[in-house]
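The chain contents come next:
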Amino acid sequence: MSNERTPLITTGVCGLTAVACGAVSDDTPESSSGSPSKDPRKLNTFFGVMVPTILSMFSIVLFLRTGFVVGHAGLLQGLLMVIVAYTIISLTILSICAISTNGAIQGGGAYYMISRSLGPEFGGSIGLMFFLAKVCACGEYVLGLVEAILDVFGSDPESSASQGVRVLPQGYWYTVLYSAVVLLLCLLVCLVGAHIYSRTAFIILLVVTVSLLSIFISSVAVKPQDFIITHRGPGNQTLRYNASYTGFSATTLRNNLGSGYSLDYSTNSVMSFATVFAVMFTSCTGIMAGANMSGELKTPSVSIPKGTIVAVFYTFTVYVLLFILVSATCDRTLLIQDYGFLQRINIWPPFVTIGICCASLSAAMCSMIGASRILHALALDHLFGLPLAPAAITSSSGNPWMAVLYTWALAQCVVFAGQLNAVASLVTVFYLLAYAAVDLACLALEWASAPNFRPTFQLFSWHTCLLGILSCLVMMFVINPVYSSGSIVLLLVLLLFLHYRSPTSSWGYISQALIFHQVRKYLLMLDVRKDHVKFWRPQVLLMVANPRSSCQLILFVNQLKKGGLYVLGHVQLGDLDSLPSDPVQQQYNFWLSLVDKLGVKAFVDLTLSPSVRQGTQHLLRITGLGGMKPNMLILGFYDSSTPEDYFLQDSAFCDSSMGQNSEGEYNFGVDLPSLQAHFPPVRHVESPRWLSPEEYVGIVSDAIKMNKNVCLGRYFFQLEGEGKDSKVDGSDRTIDVWPLNLLQPGSSDYEDVCSLFLLQMACVLNMSNKWRHARMRIFLNVETESSDQGWVVNEETFRELLKKLRIRASIKIVPWDSVVQHHTQPEGGRPAEPNQALSDDFLSAVNCMLMEHSSQAAVRFLYLPRPPAHHSQSQQYLTQLEAVTNGLGPTLLIHGVTPVTYTDL
């Protein structure tokens, strides 16, 4: 995908260089050889914006549908329709002016505005739909022109009520032939270049203006007349109507004030406010004709607002005056029964005929040029891949001739429909959807409150944007609910397609700005003083030394977080005073790409510190924000085993799976080779350790002092089925929980904070997707040979506790008298010290007991004793943990310090 070529800062110098202002440069692979020899930005406000906008808004409606609207709706409702329609487009114009004055605009008009504001997914989908609307509009104007020509020159005398030299044969294929000839003429003009069209359009505007003046002059110069209008009725009957042109008459005006909806002779259907408004609104779909010429404008950020506003005000004035004129001079029968009545009452009828031909032809050329510019911009951005790639080719002067050919071919397909009315409704709906998208773009920029959104045009607010969106959507469904629903469905399909392709860009994503705005607001509302234990959830900081050996643990913890905060932490050893720059900032992209590859929902937090222990303290204190801060620290186990390289085992890290990322298009600049090269190889047996036993145990002790729960994970490299593509549902898995502190046989409290935390974490895992159907077993260690049989009562109490906690698990009673006998009791019957030296026989017996009962479990939860207070006992502490868990398989040693269970509502 091509990068943004015009930074915001260059707005003031737009026009000085070709590339800076949107010309097609020779670094585009699909472009023709060589750079543009001339700057294609040649048009000023009048020729580039006002002329095409006025002609597009006049088109065929001005001459052929004015009487239709006033005759059926009456003057009052007709003026109401004009006011409503122009109110809707005026709200959109405010958004267009705001966006176009906030930065340098390149070619593509509406597509460029939407895509650079809302991102590639929304911009690409709306851009393609707007292109299709322009193509259909081009076909519509051509069909309207051919109908007007046949209305005057058609050989069938009963095909129309108009008069003229009737020499042209009529029929479906003749209509297609005439339309093809007109389209070919438009194609030749567009291939020459937009600047030629703009000069041609000015001449056409002069002709249309003369035609309009002739209509106003004729209202005074032409005397009252009576006409007989004939139409072909049912059964080939000839229907005759008596119509009158009265000149200016108060009686005629009074009779035309109210509505008179009746049968439309062209469609044989009864008209209503909605159907008449749909026809009238087609005259308001040209407000972006100037914006679509943005690639040819000298200063688009100045020309688009000024030219569009003046053009809309001018057309509004003309329509209002023309509505009043015809309602005061023509009776209702003339207005309803003859679309070409303006020719009848003109001092020289060819004036109107020429005006119709010129307005329709110019609107068709304007649509073809606008559509080709949108398609060219889409092709340059590579949103739709190879199908649109040829449309990026341009001539030496910068004219996208291949995009023009695309547009011409599709417009030729449209004229094969031969039905103007159906095409007109579809065009109007597409245009309204595009207008709503422009309003949405402006609304999103306003709501995001980004400091760089500083448009020089200030006459807008989020109220006008929102009102514009609602107005467009309402009118879409008023005009045609079926087409409206279909267009929205098509928009969603295109959105999903572009989202699936995941195109990245340097345009900036408005979604990110909106998310930031909302997240900041809700984080301020997340008050830590209102925390309650019944809403507790794990918020995890997982410390990762090297993800090559930790990927399985990362995937497992992703299942354990239960919708809570999940942060991958890493400490880079070093001192910032001795370094030229912070090395941590450059590593974030690699870690975020790792998160994407693994498919885990995790944040990344890195720090630079002289020691791992000090860096972990930093992360425990500063990671998170507001009420979202880690309450649990998870570490890999400290032992002497050689870690395995997960990158060599997972197919996601193989070259064959990265084919679509070979061009660096979707990976934010981090491809697979660079990702593999960034993380060092796993540690060998002879390699020195980054951590000493004392520092590792010190990290555990620090976390407990900071009131953080601690988990140590061992053997998780043996755990399978945790990947994002795994179909495991846990039905063949078992979760074993040993809530008793096995290194202190004298303690028989199953309801202390640590034991309950152990149960809660096992229950949380059992609720995750890949463990939902796993069986959970809880093992209670009892001394059955003891004279005290209180363990029976304890068992019943524990069962009641599980029932209150809504934990579904089977309870297994494990006698461990043979294990306890190896435990050395202190003299005098005093309780054992928490970290006293334990015999190897006792540790081995505990390990054998665990192996006997939990060897087939998928994961085990064990009680983690509190670490020793003195660092001299750190090695002994780790040796005991290693001996107890030796050969068990995936095991999580947990020490909880916060209450997490709640039995009330």
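Just so it is clear, the model here is predicted, and its values are computed rather than measured.

The next subject is the overall build of the protein chain. A count of helical and extended segments in the protein chain gives 28 helices and 14 strands. Out of the 905 residues belonging to the protein chain, those deemed buried represent 55%. Sequence separation of at least 24 residues holds for 81% of the intrachain contacts in the protein chain that already meet a minimum separation of 6. A total of about 38,700 Å² of accessible surface is found on the protein chain, and carbon and sulfur atoms cover 60% of it.

On to the confidence of the model for the protein chain, then. In this model, the protein chain carries an average pLDDT of 81, and 85% of its residues clear a pLDDT of 70 or more. Here helix α4 (residues 110-118) is the element of the protein chain with the lowest mean pLDDT, 74, and strand β5 (residues 540-543) is the one with the highest, 96. Contacts of residues 656-666 to residues separated by more than four positions or lying in other chains number 16 contacts, the stretch itself having pLDDT below 50.

Moving on, we get to the sheet that holds strand β13 (residues 859-863). Judged by pairing direction, the sheet is mixed, and its ten strands sit side by side in the order β7-β6-β5-β8-β9-β14-β13-β10-β11-β12 without closing on themselves. Strands at the two margins of the open sheet, each flanked by one partner only, are β7 (603-609) and β12 (810-815). Neighbour-to-neighbour, the strand axes of this sheet turn through a mean angle of 25°, independent of strand direction. The sheet contacts of helix α20 (residues 588-598) involve β6 (566-573) and β7, and relative to β7 the element is tilted by about 145°. Along the sheet, helix α21 (residues 612-622) contacts β5, β6, β7 and β8 (632-636); its crossing angle with β7, the most-contacted strand, is approximately 135°.

Moving on: the environment of Val-310. Its location among the elements puts Val-310 in helix α10 (residues 300-329). Residue Val-310 is classed as partly exposed on the basis of its relative accessible area, which comes to 38%. Sequence separation between Val-310 and Ile-54 is 256 residues; the distance between their C-alpha atoms is 9.3 Å.

Given 3.6 residues per helical turn, the α-helix brings residues three or four places apart onto the same face. Helix length check: helix α14 (residues 401-415) (15 residues) gives 21 Å between terminal C-alpha atoms against 21 Å at 1.5 Å per residue, within 8%. By the burial criterion, the buried members of α14 are Met-402, Ala-403, Val-404, Thr-407, Ala-411, Gln-412, Val-414 and Val-415.

When you line up the elements, Val-210 lands in helix α7 (residues 194-221). Assessed through its relative accessible area of 40%, Val-210 is described here as partly exposed.

What describes a pair of aromatic rings is the distance from one ring centre to the other and the angle between the planes of the rings. Scanning the entire structure with this criterion turns up 24 aromatic pairs. Here Trp-447 and Trp-462 contribute two aromatic rings whose centre-to-centre distance is 5.9 Å and whose plane-to-plane angle is 50°, an arrangement assigned as tilted. Remark: Trp-462 occurs in helix α16 (residues 462-479) and Trp-447 occurs in helix α15 (residues 420-448); sequence separation between them is 15 residues. A residue is classified by how much of its surface remains accessible, and Trp-447, at 40% relative accessible area, is partly exposed. Look at Trp-462 and you get partly exposed, because its relative accessible area is 33%. Three or more aromatic residues joined by ring pairs make a cluster, and in this case those are Phe-58, Tyr-314, Tyr-319 and Phe-323. Between the NZ or CZ atom of Arg-733 and the centre of the ring of Trp-771, over which it lies, the distance is 4.1 Å.

The next point concerns the side chain of Thr-353. Mapping Thr-353 onto the fold places it in helix α13 (residues 350-380). Overall, the relative accessible area of 14% leaves Thr-353 in the buried class. There is a polar contact of 2.9 Å between the side chain of Thr-353 and the side chain of Gln-343. Filtering out sequence-adjacent residues up to four positions away, Thr-353 remains in contact with Val-152 and Gln-343.

A few words on a nonpolar patch on the surface. Together, Leu-213, Ile-217, Ile-347, Trp-348 and Ile-354 make up a nonpolar patch on the protein surface, roughly 480 Å² of accessible area in all. With respect to the helices, strands and loops of the structure, Ile-347 is situated in the loop between α12 (341-344) and α13. Judged by its relative accessible area of 45%, Ile-347 falls in the partly exposed class.

Take helix α1 (residues 45-58) next. Compared with the 20 Å implied by 1.5 Å per residue over 14 residues, the 19 Å span of α1 between its first and last C-alpha is a close match. Most of α1 sits inside the fold, with twelve of its 14 residues counted as buried. Measuring from the side-chain oxygen of the N-cap residue of α1 to the backbone nitrogen of Phe-46 gives 3.3 Å; that N-cap residue is Asn-44.

Taking burial as the measure, the five residues of strand β10 (residues 734-738) include five buried ones, the bulk of the element. Pairing between β10 and strand β11 (residues 775-782): four bridges, direction parallel. Looking across to β11, one finds that Thr-734 is bridged to Arg-775. The pairing of β10 with β13 spans four bridges and is parallel. The residue bridging Asp-736 from the neighbouring strand is Arg-860, located in β13.

Locating Met-402 in the fold gives a position in helix α14. Of the residues examined, Met-402 reaches a relative accessible area of 18% and is grouped as buried. Each C-alpha atom of the pair Met-402 and Ala-389 lies 9.8 Å from the other, and the pair is 13 residues apart in sequence. If sequence neighbours within four positions are ignored, Met-402 has contacts with Pro-390, Ala-391 and Ile-393.

The rules behind each value
Residues numbered from 1 in each chain as written. Predicted model: local features only at pLDDT ≥ 70, side-chain atom pairs only at ≥ 80, totals over all residues. Heavy atoms only, no water. Helix = DSSP H or I, 4+ residues; strand = E, 2+ residues; numbered from the N terminus. Buried < 20%, exposed > 50% of the residue type's maximum accessible area, 1.4 Å probe, protein only. Contact = heavy atoms within 4.5 Å. Areas by Shrake-Rupley, 256 points an atom, 1.4 Å probe, with all protein chains shown as cover. pLDDT = per-residue confidence, 0-100. Pairing = 2+ DSSP bridges. Axes fitted to C-alpha atoms, helices over the stretch in contact; angles between N-to-C directions. Expected span 1.5 Å × (residues − 1). Phe/Tyr/Trp six-rings, centres within 6.5 Å; stacked < 30°, edge-to-face > 60°. Lys NZ or Arg CZ within 6 Å of the ring centre and 35° of its normal. Polar contact = N/O pair within 3.5 Å; in protein donor to acceptor, adjacent residues only side chain to side chain. Patch = residues over 30% accessible without salt bridge, like charges linked within 9 Å, V, L, I, M, F, W, Y side chains within 5 Å. Salt bridge = Lys/Arg side-chain N within 4 Å of Asp/Glu carboxyl O.

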